[in-house]
Amino acid sequence: MNKEEKLLAIRKLVYELAIASNINNDLDTLLAHLFSMLENVRDIPLEQRGAIMLLNPRGRYFQVAQFGISPAWENPMQWNSASFKNREISRSCLTEDIACGDEAIGDGHLSRMVLLPVHAGSNGLGYIALFTAPNYAMDAVCTDFFNDLSRALSGLVQRALINETLSVRELELEEARAEAIRSLGIASEYRDNETGWHIMRMTNFALAIGKAMRLPEEQRDLLAVAAPMHDVGKIGIADSVLLKPGKLTPAEFEVMKGHASIGAKILEGKDSLIVAARDIANSHHERWDGDGYPEGLAGEAIPLLARICAVADVFDALTSTRPYKEPWTVDAAYQWVISESGKHFDPVIVRAFSEAMPEILRIRELYRDDIIDPKRVLTLPPIRRRENVWIPWDESLSIGIDIIDEHHRYLFDLVNDLYAVVINKRGTRQVARLIKSLDAYAKVHFRAEEQMMDHYAYVGMDRQLHQHHAFEEKIAEFYEELHVNPLVAQFDVLSYLKDWLIHHIRVEDAQLATLAKN
């Protein structure tokens, strides 16, 4: 390759890669295009395999894209060459040998790579590794070629990172909106006899019903944010009525019914989240047959999300203790909801409620009001477990406290959901959403576990508290890293979660079994 050929090849590569990058920011696709184009460049004996390795803030490299080799989560290569042991990234391309651990190549096999440094201004991001023939040495022309190619690829990788970072920012704007709405629900909770656990259970019941109905993801997202607003109007109800420990008089009940209209007035606005919250607050006491309040709506005139919340709210209210009543049994409440199909409730939603009962019963145990009894035997209907998950639940992980085991299974489900989002390339936005969901549920689990440990005077509680807080801080750190290098952070958090969760259960939580034996 002479200098003119090199310049022509670089211009063509940069142009075609830029076009490809405009179509798709997926770095695997970028690598595939790169190798396809490099096949036509003479004098460079490249093999059809390579990877993009990016650096995390703690000096560890992660394989975030690949071509011709196994993905990191299937068969991780041992990237143990000198460059990948050094967090200082070269300013110039170089060749280096590496002992590959990929089964397709054979353990211990030495391969040579051309390493193209990836930089964003003065900051080194990582390397693009292109495997080449053994003993390949770059001449001056090829060195210039790869350095120019490195600069072009750095720009494309940086653009992909910026686009992913922008999607995190968009999510944060939505979350800020949602948080403002949720704060109203929290305010109403503090004025009521009902608990925050009721809001969590009711919301998750509604989501389970929505999932059984095959609602689109956008509607389920609205439901998740808006459902906690169902009783926001209770802010406007007098304490003498709202906090009365006994049964309300007919006149008092008429006052209480006003909370639906008050909620609708509070939630004025045209934002989609506000509209969904207003529909739920105003209409979750309407009935399918038209005998509800405040407007006497009937059938499909009642907003869909409000119809779903009506079932979820009533079922939890019936099965929960209140100052003015004892809880119904789950079976009695279930049978009553079924009997009200076509009268109080939408028949389609009642059928979805029945289909979702295994998940609803699970949610009741995960979000309990009372202190966990370590000796309580949990009898739940079987939930269909997903096959071929990244971290399968192993019964050897059971610690002998049924409810804690169920908490752990749910954490496994959330981690596997996160894994599925990452490997299916659903984007950093979805990664961020799931990290927040996992963080929120981990806090629920930790607080319930800590309450149990405190009640039963568990001797290892201080150590558990330290580990719980360290975990929460780490997840917050990963979420912040999504703003800097989202492609690395998503692989980094998966690696951490897998190692931490299994180790914590086997080493720390296993010792909680003593509480069940005492």
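Right above here is the structure, for reference.
### A closer look at the packing of aromatic side chains
Here the structure, examined in full by the defined rule, presents 25 aromatic pairs. Judged by centre distance (5.4 Å) and plane angle (70°), the rings of phenylalanine 145 and phenylalanine 146 are edge-to-face. Classification of phenylalanine 146 as buried rests on a relative accessible area of 0%. An aromatic cluster of at least three residues, connected via ring pairs, comprises Tyr61, Trp79, Phe84, Tyr127 and Phe131. Sitting over the face of the ring of phenylalanine 131, arginine 49 holds its NZ or CZ atom 4.2 Å from the ring centroid. For the cation-ring pair, lysine 474 lies above tyrosine 496, with the distance from its terminal atom to the ring centre recorded as 5.9 Å.

### A short note on the nonpolar core
One finds Leu130 and Phe146 to be the most contacted residues of the largest nonpolar core, which totals 125 residues. Residue contributions to this core peak at 12 residues, all from helix α15 (residues 428-455). Contact partners of leucine 130, with chain neighbours within four places excluded, come to Leu34, Phe35, Leu38, Leu46, Arg49, Arg112, Met113, Val114, Leu116 and Phe146. Grouped together as the second largest cluster of nonpolar side chains are 15 residues, Leu55, Ile89, Met113 and Leu115 included.

### Some remarks on the pattern of salt bridges
Pairing between side chains becomes possible if they bear opposite charge and their charged atoms approach one another. Counted under the stated rule, the structure contains 33 salt bridges. Salt-bridge contacts for arginine 287 lead to glutamate 340; the nearest nitrogen and oxygen are separated by 3.9 Å. Linking arginine 287 in the loop between α9 (272-283) and α10 (304-319) with glutamate 340 in the loop between α11 (330-339) and α12 (347-355), this pair joins segments that are 53 residues apart in sequence. Each member of the pair, arginine 287 as well as glutamate 340, is classed as buried. Within the structure, one salt-bridge network assembled from shared partners comprises Glu359, Arg362, Glu395, Glu406, Arg409 and Asp413.

### Here we look at the pairing of strand β1 (residues 46-55)
Each regular strand shows side chains that alternate between the opposite faces of the sheet. Most of β1 sits inside the fold, with 8 of its 10 residues counted as buried. Sheet topology note: the β1/strand β2 (residues 61-67) ladder contains 6 bridges and is antiparallel. Residue pairing across strands places methionine 53 opposite glutamine 63, the latter belonging to β2. Between β1 and β2, which follow one another and run antiparallel, lie 5 residues, and glycine 59 among them has a positive phi close to 85°.

### Quick look at the pairing of strand β5 (residues 123-132)
Counted residue by residue, β5 has 8 buried out of 10 residues, so it is predominantly covered. Pairing analysis gives 6 bridges linking β1 to β5, with the strands arranged antiparallel. From the neighbouring strand, leucine 46 faces β5, where its bridge partner is threonine 132. The pairing of strand β4 (residues 109-120) with β5 spans 9 bridges and is antiparallel. Note on β5: the bridge partner recorded for proline 117 is tyrosine 127. The antiparallel pairing of β4 with β5 creates a hairpin that spans 2 residues between the two strands, and glycine 121 there sits at a positive phi of about 65°.

### Describing helix α17 (residues 486-508)
Here α17 is 23 residues long and its end C-alpha atoms lie 31 Å apart, about the 33 Å a rise of 1.5 Å per residue gives. With 17 of 23 residues buried, α17 lies mostly within the body of the structure.

### Comments concerning helix α2 (residues 27-38)
If you check α2, its first and last C-alpha atoms are 16 Å apart, about what 12 residues at 1.5 Å a residue would give, namely 16 Å. By the burial criterion, the buried members of α2 are Leu27, Asp28, Leu30, Leu31, Leu34, Phe35, Met37 and Leu38. Two to three positions downstream of the cap, the backbone nitrogen of aspartate 28 sits 3.1 Å from a side-chain oxygen, assigning the N-cap of α2 to aspartate 26.

### Considerations on the side chain of threonine 203
Note that threonine 203 resides in helix α4 (residues 196-212). Taking relative accessible area as the criterion, threonine 203 reaches 8% and is therefore assigned buried. Not counting the four nearest positions on each side in its chain, threonine 203 is found in contact with Ala224, Ala227 and Pro228.

Calculation rules
- Residues numbered from 1 in each chain as written.
- Predicted model: local features only at pLDDT ≥ 70, side-chain atom pairs only at ≥ 80, totals over all residues.
- Heavy atoms only, no water.
- Phe/Tyr/Trp six-rings, centres within 6.5 Å; stacked < 30°, edge-to-face > 60°.
- Buried < 20%, exposed > 50% of the residue type's maximum accessible area, 1.4 Å probe, protein only.
- Lys NZ or Arg CZ within 6 Å of the ring centre and 35° of its normal.
- Core = buried A, V, L, I, M, F, W, Y, C linked by side-chain atoms within 4.5 Å.
- Helix = DSSP H or I, 4+ residues; strand = E, 2+ residues; numbered from the N terminus.
- Contact = heavy atoms within 4.5 Å.
- Salt bridge = Lys/Arg side-chain N within 4 Å of Asp/Glu carboxyl O.
- Pairing = 2+ DSSP bridges.
- Expected span 1.5 Å × (residues − 1).
- Polar contact = N/O pair within 3.5 Å; in protein donor to acceptor, adjacent residues only side chain to side chain.

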